[in-house]
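Residues per chain, in single letters:
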Amino acid sequence: MNITVIGTGYVGLVTGACFSKMGNKVYCVDIDEAKIEGLKKGILPIFEPNLDTLVMTGQEKGDLIFTTDIKEALDDTNIIFIAVGTPMAEDGSANLDYIFSAASDIANNITKDSLVVIKSTVPIGTGFRVKDHINRILEERGCDIKIQIASNPEFLKEGKAIQDCLSPDRVVLGAESEEVFETLKYLYSPFVINHDRFVLMDVKSSEMTKYVANAMLATKISFMNEIANICEATGADVQKVRLGIGSDKRIGYHFIYAGCGYGGSCFPKDVQALINTAQTHGYEPEILTHVETVNKRQKMVLANKVVSHFGEDLTGLTFTIWGLAFKPGTDDVREATSLVVASELIRRGAKIKAYDAQAVDEFKRSIGDEYLKSIEFTTNRYQATEGADALILITEWKEFRTPDWELLNQNLNQPVIFDGRNIYDNKIRDYGFTLYQIGC
């Protein structure tokens, strides 16, 4: 099949590359000329394991085409995916400017009946608004073109997006007709060849499903962090509590790890957007509101522990931060705890030595110039610990899991570790370390 994917950000690029791998001809369209030229040369705007290989292979076979010419793409396709960003607006709602800009481009350039599939995460009812918007422009153009609309939310985990796309645990499809369902099922059939994983529903329910999925996962994280804080106050161990409740099949072990808060491009934005949607419709979502409140507070836990140990004034002290990305396997630092911890310690007079194998450039762009002058970035994890007064672990990259404890003890001025992801065992105290964790 011939497909157009509008937007070459995280979702659009992964989706387009994976569709092309299955033998489809895919046009990936973006208005950013520099990005498109970079992609043609194999220069990716994001880090995602194995995506570079997939992109280059698709281009070499002629199945993956990057272009800024939307008319060229639309003339050769009749299935159009909108995969542009929906960033958080000031009031917490989803900013749909890019969505309607893409819809306008479709309406002004389309020449034949087409199916428009919204892949972006959008508020409930957006699909029909997009359809009305396109039809209004087509009417102004005097075109007798039939547009069908569908919702197909993505459930990609950064760091495992290729695997999630090629072998999805479910494919949620929201549509108005059996014809659209059959078209999309045919398109996705190579991805689910061993098992029917289609979940079919109406468009609005499909749009809601994505928000609810992310909100549910965020809720589990904030709930467990709340329990961790209670455990710490009472002398219980959240790690043991996790094992005790996770063995209950109704609960399970996924997303019940205590830590220093969630971040990224999805959970914070989508929880807030769902809160905004509820309030817009006259309902006050108390649980979701507290999920956000707990998470914001949790991002300060590590900084608070540092202050509790070293005092309010951190002037003259240097702290190592291992891990800047919001999670392992990505260079994404949006809403990352590292930004909160680093800025708070610097405000108190500290210097930072930071190491992350992938996220340094994105971190530099996000932290703000007033903090950058107080941060030294290293290319080696142990180099970052030399002469530091404590180690703060924020992102649980695998290379941090079993470090050389003797070398760490030698490098650090003081053998103090703040473990924001609870990945270290109490046995490290045998090496003379003081270990601070979350909820234990």
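Provided above is the structure to which this section pertains.
Calculation criteria
Residues numbered from 1 in each chain as written. Predicted model: local features only at pLDDT ≥ 70, side-chain atom pairs only at ≥ 80, totals over all residues. Heavy atoms only, no water. Pairing = 2+ DSSP bridges. Helix = DSSP H or I, 4+ residues; strand = E, 2+ residues; numbered from the N terminus. Axes fitted to C-alpha atoms, helices over the stretch in contact; angles between N-to-C directions. Core = buried A, V, L, I, M, F, W, Y, C linked by side-chain atoms within 4.5 Å. Buried < 20%, exposed > 50% of the residue type's maximum accessible area, 1.4 Å probe, protein only. Contact = heavy atoms within 4.5 Å. Expected span 1.5 Å × (residues − 1). Arc of directions from axis to C-beta.

**Here's the deal with the sheet that holds strand β12 (residues 390–393)**
Consideration 1: The parallel open sheet is built from 6 strands, whose spatial order is β11-β10-β9-β12-β13-β14. Here the strands that pair on one side only, and so sit at the sheet edges, are β11 (375–377) and β14 (434–436). Averaged over all pairs of adjacent strands, the angle between their axes in this sheet comes to 20°, without regard to strand direction.
Consideration 2: Both β12 and strand β13 (residues 416–419) contribute to a ladder of 3 bridges, which runs parallel. Bridging across to β13, Leu393 finds its partner in Asp419.

**Points about the nonpolar core**
Consideration 1: Membership of the largest hydrophobic core comes to 58 residues, with the highest contact counts inside it found for Phe319, Trp322, Leu345 and Ile392.
Consideration 2: Beyond its immediate chain neighbours, meaning those up to four positions away, Phe319 contacts Val306, Phe310, Leu314, Leu345, Ala350, Lys351, Ile352, Lys353, Ala388, Ala390 and Ile392.
Consideration 3: Residues Ile36, Leu54, Leu187 and Phe191 belong to the second largest nonpolar core, which totals 41 residues.

**Comments concerning helix α6 (residues 126–141)**
Consideration 1: The end-to-end C-alpha distance of α6, which contains 16 residues, comes to 23 Å, matching closely the 22 Å that a straight helix rising 1.5 Å per residue would cover.
Consideration 2: Within the span of α6, buried status applies to Thr126, Gly127, Val130, His133, Ile134, Ile137 and Leu138. Around the axis of α6, the buried residues are gathered within 130° of arc, so they sit on the same side. In α6, those exposed residues whose orientation departs by more than 90 degrees from the buried face are Glu139 and Glu140.
Consideration 3: Looking at the buried residues of α6, the elements they touch are β4 (79–82), α5 (97–109), β5 (114–118), β6 (147–151) and α9 (203–234).
Consideration 4: Just beyond α6, the residue with positive phi is Gly142, at close to 75°.

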